[in-house]
Amino acid sequence: MREYTRYRSLYCAVCKSLGRQFGQLPRLSVSYEAAFLALFFLSFREDEKEARDEACIANPLIKHPVAAPDPLIDFASLVTAALVYGKGQDDLEDCQWFRALPQLALFRRAADKLRKEAPGLVDEIELALHELRAFERMELSLCQERETADSNPANESGTALSEQVRKRAETAAAYSGRVLGAVMSETARHAEMPGEELAKLQGIFQIMGTALGEWIYFADALDDAKKDAAKGRFNPFMGLSAEARLALAEQLMREREETLDAHAALLPYYKDAAIVQNVICEGLPRERARLVAKTRDFIEA
């Protein structure tokens, strides 16, 4: 319960930070991912102000602990809000107007503010997302050309096709990995860590961010595979049977979980190590198992 209260206090602090920086409606974007980003880097700080009991706009009659305002929490909120804006740009390119336009309108200020505070990070995110979209369009076009020429990759040997799809999936996921790797690296600079310690750990943060970004990409791709196929959209696992897609996605996600677990164990936590380990060692495998079970239900239906 103590760990749950701690995590919730940071979730609420991120929500309040979004309100202070961008107004009330952007608070709807609050996420456990943003809370985890703040908690992860606060765990390397020995001193931190105590949480305060506060009411919430969603539940004004009951007070509960909220982590004290902190520049690191503000930066984690800013980054996640700016990423919502980036997602809106992506949705706009996919002609998903009803999703894209509200995101672009609500989170433009966040994107502009992040560009002022961390222009290098914004440039890296925009470049990675641009290259990802170009790669996805190219691969989708190639697959459609093969189908038109009646040289369906399903006629290839199972092993060759699986390796081809694995390479395509890992290439696509690497762009997503670059985004979160850059986010983790930049957030570390706001964590008030001593220069020598930051220099030693920067590589680990980059690797963990990259692995987590790739894990998220594979999870989304597995979850969206059936919908993408129905709408003729790119999916890194296209061309595989449902069973082969499930097996490959699960393997790729397991590999990233192992990378995260191995590198998280190397970090010098002052506090909250159990929560970080819980998210990485239990939360991600549990979510993977949920997606696998959901996909298997679709296959068997």
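For the structure, check the block above.
Residues numbered from 1 in each chain as written. Predicted model: local features only at pLDDT ≥ 70, side-chain atom pairs only at ≥ 80, totals over all residues. Heavy atoms only, no water.

Considerations on a nonpolar patch on the surface
Residues Leu25, Leu28 and Leu106 make up a contiguous nonpolar surface patch of roughly 310 Å² in combined accessible area. Among the secondary structure elements, Leu106 is positioned in helix H4 (residues 97-117). The class of Leu106 is partly exposed, set by a relative accessible area of 32%. (Patch = residues over 30% accessible without salt bridge, like charges linked within 9 Å, V, L, I, M, F, W, Y side chains within 5 Å. Areas by Shrake-Rupley, 256 points an atom, 1.4 Å probe, with all protein chains shown as cover. Salt bridge = Lys/Arg side-chain N within 4 Å of Asp/Glu carboxyl O. Helix = DSSP H or I, 4+ residues; strand = E, 2+ residues; numbered from the N terminus. Buried < 20%, exposed > 50% of the residue type's maximum accessible area, 1.4 Å probe, protein only.)

Concerning the nonpolar core
Counting 90 residues, the largest nonpolar core has Phe40, Phe41 and Phe205 as the members making the most contacts within it. Setting aside chain neighbours within four positions, we find Phe41 in contact with Leu72, Met184, Thr187, Ala188, Ala191 and Phe205. (Core = buried A, V, L, I, M, F, W, Y, C linked by side-chain atoms within 4.5 Å. Contact = heavy atoms within 4.5 Å.)

Observations regarding the pairing of strand S2 (residues 59-66)
Judged from the four bridges that link them, strand S1 (residues 52-56) and S2 form a sheet pairing that is antiparallel. Following the sheet pairing, Asp53 is matched in S2 by Pro65. In sequence, S1 turns back onto S2 through a hairpin of two residues. (Pairing = 2+ DSSP bridges.)

Some words on the environment of Pro194
With respect to the helices and strands, Pro194 occurs in the loop between helix H6 (158-189) and helix H7 (195-231). Taking the C-alpha atoms as reference points, Pro194 and Arg45, 149 residues apart in sequence, are found 10.0 Å from one another.

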